[in-house]
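Summary of structural features
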2 protein chains.
Amino acid sequence: MRERPHVVIVGGGFGGIAVARALANAPVRITLLDRRNHHLFQPLLYQVAMAGLSPADISAPIRAVLSAQANAEVLLAEVTQVDLAGRVVHTDAGPEPYDYLVLAAGARTSYFGHPEWEKHAPGLKDLEDAIDIRHRVLLAFEAAERARDPAERERLLTFVIIGGGPTGVELAGALAELSRTVLAQDFRNIDPASARVVLVDGGDRVLATFSPELSAAARAQLARLGVTVRGGRRVESVDADGVVVGGERIAAGTVLWAAGVAGSPLAQVLGVPLDRAGRVIIEPDCSLPGHREAFCIGDMALCLDAAGAPLPGVAPVAMQQGRYVAEVIRDAVAGMPLAPEPFRYRDKGTMATIGRSAAVAQVGRLELTGFAAWFAWLAIHILFLIDFRNRAVVIFNWVWSYFTYKRGARLITDERRR
Amino acid sequence: MRERPHVVIVGGGFGGIAVARALANAPVRITLLDRRNHHLFQPLLYQVAMAGLSPADISAPIRAVLSAQANAEVLLAEVTQVDLAGRVVHTDAGPEPYDYLVLAAGARTSYFGHPEWEKHAPGLKDLEDAIDIRHRVLLAFEAAERARDPAERERLLTFVIIGGGPTGVELAGALAELSRTVLAQDFRNIDPASARVVLVDGGDRVLATFSPELSAAARAQLARLGVTVRGGRRVESVDADGVVVGGERIAAGTVLWAAGVAGSPLAQVLGVPLDRAGRVIIEPDCSLPGHREAFCIGDMALCLDAAGAPLPGVAPVAMQQGRYVAEVIRDAVAGMPLAPEPFRYRDKGTMATIGRSAAVAQVGRLELTGFAAWFAWLAIHILFLIDFRNRAVVIFNWVWSYFTYKRGARLITDERRR
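All figures in this text were calculated on a predicted structure; none of them were measured in a lab.

Conventions used here
- Residue positions are given per chain, counting from 1 as you read along its sequence in written order.
- Chains carry letters from A onward and ligands carry numbers from 1 onward, assigned in written order.
- Restriction of local features to residues with pLDDT of at least 70 applies here, the model being predicted, together with a cutoff of 80 or more for giving and counting side-chain atom pairs; totals for whole chains, interfaces and linings are based on all residues.
- Processing note: side-chain calculations cover all non-hydrogen atoms of the structure and skip hydrogens and water entirely.
- One requirement defines pairing of two strands: DSSP has to find at least two bridges between them.
- Secondary structure follows DSSP: runs of H or I at least 4 residues long count as helices, runs of E at least 2 residues long count as strands, and numbering of each begins at the N terminus.
- Every axis corresponds to a line fitted to the C-alpha atoms, with the helix fit spanning only the stretch in contact, and the corresponding angles, defined between N-to-C directions, vary from 0 to 180 degrees.
- Note on contacts: a residue pair is in contact if any heavy atoms of the two residues lie within 4.5 Å.
- Helices are assigned an expected span. That span is 1.5 Å times one less than the residue count.
- Note on classification: 1.4 Å probe, protein chains only; a residue is buried when its accessible area is under 20% of the maximum for its type, exposed when over 50%, partly exposed between these limits.
- By the criterion applied in these results, polar contacts are pairs of N or O atoms within 3.5 Å in which, for protein atoms, one can donate a hydrogen and the other can accept it, and in which residues neighboring in sequence qualify only through two side-chain atoms.
- Between Lys or Arg on one side and Asp or Glu on the other, a salt bridge is scored when a side-chain nitrogen of the former is within 4 Å of a carboxyl oxygen of the latter.
- Crossing handedness: left-handed means the near helix sits turned counterclockwise from the far one by under a right angle, and right-handed means the same turn made clockwise.
- Just so you know the grouping, Ala, Val, Leu, Ile, Met, Phe, Trp, Tyr, Cys and Pro go in nonpolar, Asp, Glu, Lys and Arg go in charged, and all remaining residues, Gly too, go in polar.
- Pairing of aromatic side chains requires ring centres within 6.5 Å, counting the rings of Phe and Tyr and the six-membered ring of Trp. Pairs whose planes differ by under 30 degrees are stacked, by over 60 edge-to-face, and all others tilted.

1. Some points on the sheet that holds strand β11 (residues 158-162) of chain B
All names here are of chain B. The 4 strands lie next to each other as β13-β12-β11-β17, forming an open sheet whose pairing is parallel. In the strand order of this sheet, the two ends are held by β13 (227-230) and β17 (254-257), each with one partner. Averaged over neighbouring strand pairs, the angle between their axes works out to 20 degrees when direction is ignored. Direction of pairing for strand β12 (residues 196-200) relative to β13: parallel, over a ladder of 4 bridges. Opposite V200, over in β13, you have R230 as the bridge partner. Along the sheet face, helix α6 (residues 166-182) touches β11, β12, β13 and β17 and points at about 175 degrees away from the line of β12. Of the strands in this sheet, β12 and β13 are in contact with helix α7 (residues 212-225), which crosses β13 at around 135 degrees.

Below, the structure written as C-alpha cells:
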C-alpha cells in the first residue's frame, strides 16, 4: 500500500486544530507542529491576566485534543524555515516534507515601530504575557500598599490600557472589577477601589468595529465600572513612569498594550507578499500565491470579504477557514479538479465582554447589551471550554481526576523566557 | 490610648498563619511579612509538579486568608537583617520594629555540600520548583517522542528520584501514574507507559520514619505502580546525563531531588546556634536563646520531643507551635509571669500517599494501608483546602466567581527567577 499524502499543519490554535479535526476521516497523514504543547482558548486570556482564571483553565494539551485521532501526530517543535519550492518545513526537530501545508501560526503584538515600548507596556498574546501582566498588576497594588509618598502611591494605583478594541475593553473592565471587588478588603494602607483605570484609544469610540449604538453602550458600561475612557488620543511615548497621550502625560505604574497586532514572524520567511501588518496576502481559496498545496489561515493571513474589507482576527474566521481548507485538501487528495469555490466567511455575530453582566453583542441585525449580551457571551464560552474538556468547568475536577485520569494542568509555559 | 504591642511574623506558611489567626482577638498589632503573596498548601505541591493540580489550586493569597482579621496587616517584603538586640526586622520595604517576633520562614532544599547538583536535580520547595519540575518531566516525554536514537529515547524516559521520604515516594508514585495513565494514549512514537521511574534511597527502606510494616506496604504499592526502588544506595554524582548511585551509573533524562532539607537562609543572619541542618536550636518555649520575646517555629527550627528526638518537618508541628507561641505572647501581653509550660507536640498521626487508592497512615497504634489510608489522606486534605476557601474544591469555581467575587488564581510566582 502506498504512503498516504502528508499534511503538515503549523500552529495548534483555533485554525490549525480545525483543519486537523476536519481531516479526521480523510486518507491523509497529519503532523501538527507547535512550539507550545497546549492549545490556548485565547478569548479568555484576559481573565488569566486579571487573575480570574488559571492558565490551565483555558488551555488543553494539543496531544490530548488530538489523541483519539489516529491519523494525526503532534510534534513539539519550532519552525525555522519553509521551503515552498521543495515542499519541506524545517524545524528545530528536523525537516518535515509535506504534500499539503497549512500555516496557522497566529499573530503577535505590534508596537507600530516602537519596539522599545514593549518592556513598559506588555501585550496579551500568550500565557506568558498573561502571567506577566497579572504579576505587574498585583505587584502594583503591593507596591502602593508599601509606598509612603502619596503621589507615588497614586501613580502606582493608575493603570493605563492602550487600545479600545475588544481586548482593551475586556482588560479595562476586568481590572476595574478586580480593584473594586476582589482586592477591596485586603489592604490596610490603600483603598484598591480608588485605583484609576484609563482606557486610551486613537479613535473617537471604543469597539469601533461594532455599531455606534453598541460603542456608546460599551462606553456607558465601562463608565459604570469606573473606567475612564480617553478617545481620540494618539500615544506619543511610553516609559517606566507612564505614558504621554495627545500631549498629556499620565503618570502610571502599569501600562498595558492592546492596540495592535501583526502576523506571526513566520510570515517573514516565506518570501510571499505581506500586507502592512505583516500578514500573508492569500488567494480566494486561502492558498499562497503560486502554491496551491500551501495554505495560510487565521490571524496570520489577510483575507478579504466580498466587499473587499479584511476579515477580523477572531476565532470563528480561523475555524471556518480551517474547515474550508480541509475540504479543499480532501478534494485534491480524492483527485478532484482543483477549482474550489472561494472561501466565504459566515458571520454568526460578534461580542465583547466588559464585566459581570456587562457586554455588547451583534448578531446580524440584532444588537444586545448588558446582561443579555453578557449571558450569551458566557454561555457560548462555557460551551467552547467544555468542548476542550477543560478543567475550568469540570466539577470537583481534581478529586474527580483521581478516578477518571483526566488532567487539566498539563501545559508547558516557559517561565524562563523572561 | 497607648499603642498596642507589635507582633511581627516572618513567613506566611502553616506556622506563621497559625500564629496570626490565634492572635485574632488579642490586644496586639500584627504584621505578617512574606516575600511571596501567597500561602502554599505544601502537602499537595507534588501534585502541581506532576501536572495534577494548578498552582492556584493549592495556594491562597495571604491577604485573603487574613483579610477579615482587623488586627493583622500583610506586607510583601523580604527580610534582609534581624536586629534581635534592637528588636527591629530590616526588610527591603524598610525597618519593622517589634515587641514580639515570630520567625517561621520554613526550609530550603539541601544538597549535602553539592550545590552543583541543584541545576540537574531540582528540589521541591515552592511553586517555582513545582513548575520547573513539571516542565522537565513533560519536556522529557516530548524529547523522547522526537528522539531517533533508541538509547537516547530510553534515557529520556528514565526518571530518577533521590530520597525515599514522603516527598520522594509521592513524586515517584505520581510520576508513574502520569506516564501509565494520563499520557499513555497521547504519543505516537513512544509508549509513555514504558517510562522507568527509579526511587533511590540511602537507607534500606522507604518512609523510614514509619513502621517497618508500613514501609514494606509502601514499597509493595510502589512496585505495583511500576516504580523501581533502589535502597541502600548513596548518591555519588549527578550530572546532565543522569546519576551515579552506589557505583552504578543510571542514564536518566530527569533527576529529582527529595533527599534533604535545611533551615531557611534567614537562620544564618540571626547569630544564634544552629544545628547541622542550619535549623535554629530553640528553647522549650520555642523562643530564641536569650530572647524570650523572639520565637522560631516550623521547619526553620530544631525542636526536640520529650525523648530528645527532633520533631518532623510537617505542617501539624508548625501549626501547633504557632498556636502555642500565640498563647505565650497573649500571656506576656496580659502581664502574666513568663514561665509557660514547655511546648509539647501532640502527634495526631502521619500519612504518606503513593498514588490513587494507595497510601500509608499511622495513627497512634493504628496502621492503615491501601485504599483506607488513601481515602483518609484525601478527606483530610480536602478539608484543609476548603479551610482556605481553595478554588480546587470549589464547584464550577470560575463561573461561580462571576457572582461571588471570589478568585483563586491571585498568586505571584516569579517566573522571571529562573
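2. A few points about helix α4 (residues 127-146) of chain A
All names here are of chain A. The end-to-end C-alpha separation of α4 is 28 Å, in line with the 28 Å expected for 20 residues at 1.5 Å each. Taken across its 20 residues, α4 has 17 buried, putting it largely inside the fold. With a side-chain oxygen lying 3.1 Å from the backbone nitrogen of E128, the N-terminal cap of α4 falls on D126.

3. Details of the environment of A:P150
Residues and elements named next belong to chain A. Its place among the elements puts P150 in helix α5 (residues 150-156). For P150, a relative accessible area of 60% puts it in the exposed group. Distance from P150 to R224, taken between C-alpha atoms, is 26 Å for residues 74 residues apart in sequence.

4. Looking at the pattern of salt bridges
Residue and element names in this part refer to chain A. Taken as a whole and judged by the stated rule, the model has 26 salt bridges over all chains. With a shortest N-O distance of 3.0 Å, E248 and R233 are connected by a salt bridge. Pair noted here: E248 is in strand β16 (residues 248-251) and R233 is in the loop between β13 (227-230) and β14 (235-239), with a separation of 15 residues, a long-range link. For R233, a relative accessible area of 25% gives the class partly exposed. Each of R36, D126 and E128 takes part in a single network of salt bridges with overlapping partners.

5. Quick look at the packing of helix α1 (residues 14-22) of chain B against helix α8 (residues 315-333) of chain B
Residue and element names in this part refer to chain B. Relative to each other, α1 and α8 sit at 35 degrees, their axes nearing to 7 Å. You can see that α1 and α8 cross each other, and the crossing is right-handed. Every residue of α8 that contacts α1 at F14, G15, A18, V19 and A22 is listed here: A315, A318, M319, G322, R323, A326 and R330. Grouping the amino acids of the contact of α1 with α8 by side-chain chemistry returns 8 nonpolar, 2 polar and 2 charged.

6. Details of the sheet that holds strand β9 (residues 100-103) of chain A
Two pairing modes exist for strands in a sheet, parallel and antiparallel, and in both the strands are linked by backbone hydrogen bonds. Residue and element names in this part refer to chain A. Spatial strand order, β5-β2-β1-β9-β21-β20: 6 strands in an open sheet with mixed pairing. Looking at the sheet topology across the chains shown, the edges are occupied by β5 (72-76) and β20 (287-288). With 4 bridges connecting them, strand β1 (residues 6-10) and β9 associate as parallel partners. Bridge assignment links V7 to a residue of β9, and that residue is Y100. The strands touched by helix α1 (residues 14-22) within the sheet are β1, β2 (29-34) and β9, with β2 carrying the most contacts at an inclination of about 165 degrees.

7. Some remarks on the packing of aromatic side chains
Residues and elements named next belong to chain B. Going through the model one piece at a time under the given rule, you end up with 18 aromatic pairs over all chains. Ring centres 5.7 Å apart and planes at 55 degrees place the aromatic pair W117 and W257 in the tilted group. Taken together, the positions of W117 in the loop between β10 (107-109) and α4 (127-146) and W257 in strand β17 put the pair 140 residues apart, joining distant regions of the chain. Judged by its relative accessible area of 3%, W257 is buried. Centroid distance F371 to W374: 5.6 Å. Interplanar angle 45 degrees. Geometry classified as tilted. One end of the pair, F371, and the other, W374, are both in helix α9 (residues 370-387), 3 residues apart, so they sit about a helical turn from each other.

Everything listed here is a matter of coordinates, which is why it stays silent on function.
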